[in-house]
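Per-entry structural report
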Amino acid sequence: MAATALFAAAPAFAQSAPLSCTGPFARNADEASLIRVFGKANVRRARIEVGEGEKQQGAIIFPGDGKRRIELIWHDGAKRRRPATIYIREGSTQVVQTPDGTPIGIGTSLATVEKANGGPFTILGFGWDYAGTATDWRGGKLAKAGGGCRLLVRFHDTPGANAAALDRVSGDSEFSSSDADIRAVKPIAGEILLSWAE
């Protein structure tokens, strides 16, 4: 089914439908499919921040509306096609719906994500470029979320959380989401990514 049929009402889609790697964000999508769904005025070419100061060719959906904003980078930046990663970042109210129906958005608690996964997952320590990234769903339900691509959640520690615990779970190391110190820093989702492999 064509993207235009799936998402004929772009504003309604952008405000209420959970994001997944289908329709305008499917593996074979391109800039033209984004424009068909969201309208030319709502799709802007941009170099998107991907970490460690690096930027890649991509697009911003709803660049003038922080609550609806979505960013993506292309596998083929020259031809602006094949999404590599779709980003939901702080300020956006977009969500990804998990297999059990739980919406995950900015500010979602680690406990809620763990429950949606059906069990603990692996998370990287805090205080560096890949801080708080859920790297392995350990066979949980979130390993199959997103409509065919990979779901990543990057957690932030909550301001004012236990400083000693935060120190123990900082740095380039892996922890279980069930770790007492991880729980003590009360992580919340600060960035959500849907990522297509090459």
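I will try to describe carefully the structure that is included in this document. (Residues numbered from 1 in each chain as written. Predicted model: local features only at pLDDT ≥ 70, side-chain atom pairs only at ≥ 80, totals over all residues. Heavy atoms only, no water.)

**What about helix α4 (residues 110–117)?**
Here α4 has its buried residues at Leu110, Val113, Glu114, Ala116 and Asn117. End-on view of α4: buried residues confined to an arc of 160°, all on one side of the axis. Its buried side turned inward, α4 meets β6 (103–105), β7 (122–124), β9 (150–156) and α6 (180–184). (Buried < 20%, exposed > 50% of the residue type's maximum accessible area, 1.4 Å probe, protein only. Helix = DSSP H or I, 4+ residues; strand = E, 2+ residues; numbered from the N terminus. Arc of directions from axis to C-beta. Contact = heavy atoms within 4.5 Å.)

**A short note on the sheet that holds β9**
A sheet is described by the order of its strands in space; here 6 strands give the open sequence β1-β2-β3-β4-β11-β9, paired in antiparallel fashion. Lying at the two open borders of the sheet, with one neighbouring strand each, are β1 (43–51) and β9. Within this sheet the neighbouring strands show an average axis-to-axis angle of 30°, counted without direction. Two strands pair when backbone bridges link them, and strand β3 (residues 70–76) and strand β4 (residues 81–89) are joined in this way by 5 bridges, in the antiparallel orientation. Note that in β4 the partner of Glu71 across the bridge is Tyr87. Its contacts with the sheet put helix α3 (residues 31–38) on β1, β2 (54–61) and β3, and the angle it makes with β1 is roughly 120°. (Pairing = 2+ DSSP bridges. Axes fitted to C-alpha atoms, helices over the stretch in contact; angles between N-to-C directions.)

**What to know about the side chain of Thr98**
In this structure, Thr98 sits in the loop between β5 (95–97) and β6. Here Asp100 takes part through its side chain, which lies 2.6 Å from a polar atom of the side chain of Thr98. Among the polar contacts made by the side chain of Thr98, one reaches the main-chain carbonyl oxygen of Thr102 at a distance of 2.9 Å. Excluding residues within four positions of it along the chain, Thr98 makes contact with Ile104, Ala116 and Leu142. (Polar contact = N/O pair within 3.5 Å; in protein donor to acceptor, adjacent residues only side chain to side chain.)

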